[in-house]
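# Summary of the model geometry
The primary structure of each chain is shown beneath.
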Amino acid sequence: MSLYEQISAYCVRHKIRLAEKRVVVADQLLVANEFMDGDTLWRDMRSRGIKISPATVYESLNWLVSAGFAERRFATDSRKNLFGIPELVRNGLGN
């Protein structure tokens, strides 16, 4: 099952609207294949031509973490939060 399908199924189960920007942010985290802070993710997305605000990136990241599709870690060398797709979600892709 793709990440889009997982998020879509979650939204159906919880009777919430599927916000496409959340899927876009999740896909970019998946492509990055590493944990990164929200500002770096936003800059990467903008450089790829994706029009999204920093606030929407952070809002989406927080939602993805609360829904279990992303994980938040605290960077040891700075005061930043790092976000990434956990292995459990990655392992569920393509099944």
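All figures in this text were calculated on a predicted structure; none of them were measured in a lab.

What follows deals with the nonpolar core. Of all hydrophobic cores here, the largest spans 22 residues; its most connected members are I7, L29, L41, W63, L64 and F69. When neighbours within four sequence positions are excluded, F69 is seen to be in contact with L3, Q6, I7, Y10, W63, L64, I85, P86 and V89.

Bringing helix α4 (residues 54-67) into the picture now. When the terminal C-alpha atoms of α4 are compared, their 20 Å separation across 14 residues agrees well with the 20 Å that a helix rising 1.5 Å per residue should span. Of the residues making up α4, those classed as buried are V57, S60, L61, W63, L64 and A67. Relative to the axis of α4, the buried residues are bounded by an arc of 165° and lie together on one face. Residues A55, E59 and S66 are exposed on α4 and point more than 90 degrees away from its buried face.

This next bit is on helix α3 (residues 38-47). Listed in full, the buried residues belonging to α3 are G38, L41 and M45. The buried residues of α3 all sit within an arc of 60° when viewed along its axis, so they share a single face. Buried positions along α3 lie against α2 (20-32), α4 and β2 (81-84). In this structure D37 caps α3, since a side-chain oxygen of it lies 3.1 Å from the backbone nitrogen of D39.

What follows is about the packing of aromatic side chains. With the rule as written, the count across this model stands at three aromatic pairs. Here Y10 and W63 contribute two aromatic rings whose centre-to-centre distance is 5.6 Å and whose plane-to-plane angle is 85°, an arrangement assigned as edge-to-face. Here Y10, found in helix α1 (residues 3-13), pairs with W63, found in helix α4; they are 53 residues apart in sequence, far enough to count as distant. Of the residues examined, W63 reaches a relative accessible area of 13% and is grouped as buried. With a centroid separation of 6.3 Å and 20° between ring planes, the pair formed by W63 and F69 is classed as stacked.

Moving on to the pairing of β2. Bridge count between strand β1 (residues 71-74) and β2: four bridges; the pairing is antiparallel. Looking at β2, one finds that F74 is bridged to N81. What sits between β1 and β2 in their antiparallel hairpin is a turn of six residues.

How each quantity is defined
Residues numbered from 1 in each chain as written. Predicted model: local features only at pLDDT ≥ 70, side-chain atom pairs only at ≥ 80, totals over all residues. Heavy atoms only, no water. Core = buried A, V, L, I, M, F, W, Y, C linked by side-chain atoms within 4.5 Å. Buried < 20%, exposed > 50% of the residue type's maximum accessible area, 1.4 Å probe, protein only. Contact = heavy atoms within 4.5 Å. Helix = DSSP H or I, 4+ residues; strand = E, 2+ residues; numbered from the N terminus. Expected span 1.5 Å × (residues − 1). Arc of directions from axis to C-beta. Polar contact = N/O pair within 3.5 Å; in protein donor to acceptor, adjacent residues only side chain to side chain. Phe/Tyr/Trp six-rings, centres within 6.5 Å; stacked < 30°, edge-to-face > 60°. Pairing = 2+ DSSP bridges.

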